[in-house]
Amino acid sequence: MGYAKVLSVGLAGVAGHLVEVEADLAPGLPAVIISGLPDTALHEARDRVRAAIVNSGQKWPNRRITLNLLPATLPKYGSAFDLAIAVAVLAGSGELPPVALDATVVLGELGLDGAVRPVRGTLPMVAAAARAGHTRVVVPAGNAAEAAVIPGVRVHAVDTLHRLVAHVRTGAPLLAPPTPAPAGTPPGPDLADVAGQPLGRRALEIAAAGGHHLALLGPPGAGKTMLAERLPSVLPELDDEAALEVTALHSIAGLLPPGGGLLRRPPFQAPHHTATVPALVGGGSGLARPGAVSLAHRGVLFLDEAPEFGKGALEALRQPLESGRVRVARTRGATEYPARTQLVLAANPCPCAKPSGDADCECTPLARRRYLGRLSGPLLDRVDVQVQLRAVRAAELLRTDAAHESSAAVAARVAAARRAAADRWAATGHRVNADVPGPHLRRPPWHLPARVTADLRHRLDTGSLSARGYDRVLRLPWIGISRNSFGQEILRPHAAHLGRLSTQSTS
Ligand SMILES: [Zn+2]
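Residues numbered from 1 in each chain as written. Predicted model: local features only at pLDDT ≥ 70, side-chain atom pairs only at ≥ 80, totals over all residues. Heavy atoms only, no water.

Visitor: With reference to specific residues and values, describe the overall build of the chain.
Guide: Scanning the chain from terminus to terminus reveals 20 helices and 20 strands. Expressed as a percentage of the 507 residues in the chain, the buried residues total 49%. Long-range pairs, those at least 24 residues apart, make up 71% of the contacts in the chain between residues at least 6 apart in sequence. Summed over all atoms, the accessible surface of the chain reaches about 22,600 Å², with 55% contributed by carbon and sulfur. (Helix = DSSP H or I, 4+ residues; strand = E, 2+ residues; numbered from the N terminus. Buried < 20%, exposed > 50% of the residue type's maximum accessible area, 1.4 Å probe, protein only. Contact = heavy atoms within 4.5 Å. Areas by Shrake-Rupley, 256 points an atom, 1.4 Å probe, with all protein chains shown as cover.)

Visitor: Lay out helix α2 (residues 45-55) in plain terms, naming residues and giving numbers.
Guide: Looking only at α2, the buried set comprises Ala45, Arg48, Val49, Ala51, Ala52 and Ile53. Those residues of α2 that are buried are in contact with α1 (40-43), α3 (82-92), β6 (109-110) and α6 (161-170).

Visitor: Quick rundown of the sheet that holds strand β10 (residues 214-217)? Include the residues and the values.
Guide: In space, the five strands of this open sheet follow the order β11-β14-β17-β10-β18, with parallel pairing throughout. Of all the strands in the sheet, just β11 (268-269) and β18 (385-388) have a single pairing partner and so form its edges. (Pairing = 2+ DSSP bridges.)

Visitor: Now, about the pairing of strand β1 (residues 3-12): what can you tell me, with residues and values included?
Guide: For β1, the buried fraction is high: seven of the ten residues fall into the buried class. Across ten bridges, the pairing between β1 and strand β2 (residues 15-26) is antiparallel. The partner of Ser8 across the bridge, within β2, is Val19. Linkage of β1 to β2, two consecutive antiparallel strands, is achieved through a turn of two residues, within which Gly13 is found at a positive phi near 70 degrees.

Visitor: Could you give me a rundown of the side chain of Ser79, with the residues and numbers involved?
Guide: By secondary structure assignment, the location of Ser79 is in the loop between β4 (64-70) and α3. Ignoring any residue separated from it by four or fewer positions in sequence, one finds Ser79 in contact with Ala41, Arg48, Gly108 and Glu109.

Visitor: I'd like a description of the side chain of Arg230, backed by residues and values.
Guide: Structurally, Arg230 is set in the loop between α8 (224-229) and α9 (231-234). A polar atom in the side chain of Arg230 sits 2.9 Å from the backbone oxygen of Met226. Residues in contact with Arg230, not counting those within four places in the same chain, are Pro189, Asp190, Leu191, Asp193, Val194 and Leu204. (Polar contact = N/O pair within 3.5 Å; in protein donor to acceptor, adjacent residues only side chain to side chain.)

Visitor: Help me get a handle on unusual backbone geometry, residues and values and all.
Guide: Excluding glycine, most residues fall at negative phi; most peptide bonds, likewise, are trans. Here the residue pair Leu70 and Pro71 is connected by a cis peptide bond, since its omega of 0 degrees sits within 30 degrees of zero. At Ala103, a residue that is not glycine, the phi angle is positive and equals roughly 60 degrees. When you line up the elements, Ala103 lands in the loop between α3 and β5 (105-106). Taking the relative accessible area as the measure of exposure, Ala103 reaches 44% and is therefore partly exposed. The phi torsion at Glu305 lies on the positive side, around 50 degrees, for a residue other than glycine. Tracing the backbone shows Glu305 in the loop between β14 (300-303) and α13 (311-323). Taking the relative accessible area as the measure of exposure, Glu305 reaches 31% and is therefore partly exposed.

Visitor: For the nonpolar core, give the residues involved together with the corresponding values.
Guide: Ranked by size, the top nonpolar core spans 55 residues in total, and within it Leu303 and Leu345 carry the most contacts. Broken down by element, this core gets its largest block of residues, six residues, from helix α4 (residues 122-131). Beyond its immediate sequence surroundings of up to four residues, Leu345 is in contact with Leu214, Ala215, Leu216, Leu303, Ala306, Leu375, Leu380 and Val383. (Core = buried A, V, L, I, M, F, W, Y, C linked by side-chain atoms within 4.5 Å.)

Visitor: Pulling in residues and values, what's your account of the pattern of salt bridges?
Guide: Inspection of every chain in the model, using the stated rule, returns 17 salt bridges. Residue Arg163 pairs with Asp159 through a salt bridge whose shortest N-O separation is 2.7 Å. A salt bridge links Arg298 to Glu245; its shortest N-O distance comes to 3.3 Å. Here Glu245 lies in helix α10 (residues 240-252) and Arg298 lies in the loop between α12 (292-295) and β14, a separation of 53 residues in the sequence. For Arg298, a relative accessible area of 34% translates into the label partly exposed. Ionic contacts of the salt-bridge type, sharing partners, join the residues Lys59, Glu95 and Arg169 into one network. (Salt bridge = Lys/Arg side-chain N within 4 Å of Asp/Glu carboxyl O.)

Visitor: Can you lay out the packing of helix α7 (residues 198-210) against helix α16 (residues 407-424) for me, pointing to particular residues and giving the numbers?
Guide: Running from N to C, α7 and α16 cross one another at 40 degrees; their axes reach a closest spacing of 8 Å. Both α7 and α16 take part in a crossing whose hand is right-handed. Contact residues: α7 offers Glu205, Ala208 and Ala209, while α16 offers Val410, Arg413, Val414, Ala417 and Arg418. Within the contact of α7 with α16, the residues separate by chemical class into five nonpolar, no polar and three charged. (Axes fitted to C-alpha atoms, helices over the stretch in contact; angles between N-to-C directions. Left-handed = near helix turned anticlockwise from the far one by under 90°. Nonpolar A, V, L, I, M, F, W, Y, C, P; charged D, E, K, R; others polar.)

Visitor: Any chance you could break down the environment of Arg163 for me, citing the residues and the numbers?
Guide: Within the secondary structure, Arg163 is located in helix α6. For Arg163, a relative accessible area of 28% puts it in the partly exposed group. The spatial distance from the C-alpha of Arg163 to the C-alpha of Leu174 is 7.0 Å, given a sequence separation of eleven residues. Sequence-distant contacts of Arg163, that is, excluding residues within four places in its chain, are made with Pro173, Leu174 and Leu175.

Put into structure tokens, the structure is as follows:
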């Protein structure tokens, strides 16, 4: 028999699709033809697979070999089909039983020596196999831990083609996946380490509670980075669905820690201001690598020294921040990744980055405005919470009497506020305050009493606040719930924030 078929998985974004790898061996001049929209890496599979088969002590059939990957319409990327191709060729040439690895999904890249190497995206590929009803997968030993995260799938790991061939022929055991890491996330940076900065801490808490983007403006030493790094520690842990999605994205980027299970902590990404557009939004050859904005999906994207980022880079972030998804343009169609992230911008008040009030700062007011102006417009317009921090004073830093509140204490309040918000907006389909459209908040039953918004309306009238800025401020007070004299739940606007945490007009 000159025909064999092995199952594998191809990725389109985070979604995986079952791929049938067919091998047909016919008499004729020895040649290998690959069809089914392969990319360069997949074209090169013929050389890798041939070398791996020969160096594993198996016979390479000197026949005309046609490899076809179905469905033909789905573009196939990368080297993850190597192992499936090798099994299909060996089964087609009679070296292995024709039904070798029937109903088993096979993933893995081959080295020339026959070693099975890890591939990016194993977790979403195994998830796709499970969704398609397949319960047995063979994966590279290096990816076994992430594959084992998917429930209801028996994971077999291989380190060499030789081991897989021996298993099919004699039933020799494959490798067992490592026992998954114990549940629970290792502790990250904690708010207890942050001295002073009551305004910064408050802004962080409100941003966490409402899912708002946050801008921290202030001189070096104001603790902007310290605060931003601690935002994930006060956000709710990722639920199963979100954790799977986030872990899948990190799997596609090849960034999962070895032996780790699902990522439960909201991810934190802090790209440098020299980062390229592909590094921020995704790109690269073969299977597109998710960019920082997707690796920060359901977590935090921190842009330190934000005005230093290139204009193109800031521009490229607009669309993902708006839609929660990012489209990575490819030569063979676009790839889409989720990118629902909370943005934290940090900026010095002026380009020289001297401490505030420093006599050495010679920046003109115009230079300062220009500097921050790089952030303005569409990007800063989406940032609901913008605060001006000052440098931490020695007295605050050295205070030993007051214990600083820990992340756990703040996280408990954030979780309560988020539960209240989910209830409050349930009928509108929104979950967090940041998602609620402005017009909604200006209408009953949510519109604020006139005395509360007096200052805001004055700012709007005098042009120090834009209409969009007005709506942004309206989203912030909805963080408390209390009961009126009839026992009905009413919103308790925190009017104090309207002035202090308000937004400067940027337009
Ligand atoms: Zn300056």
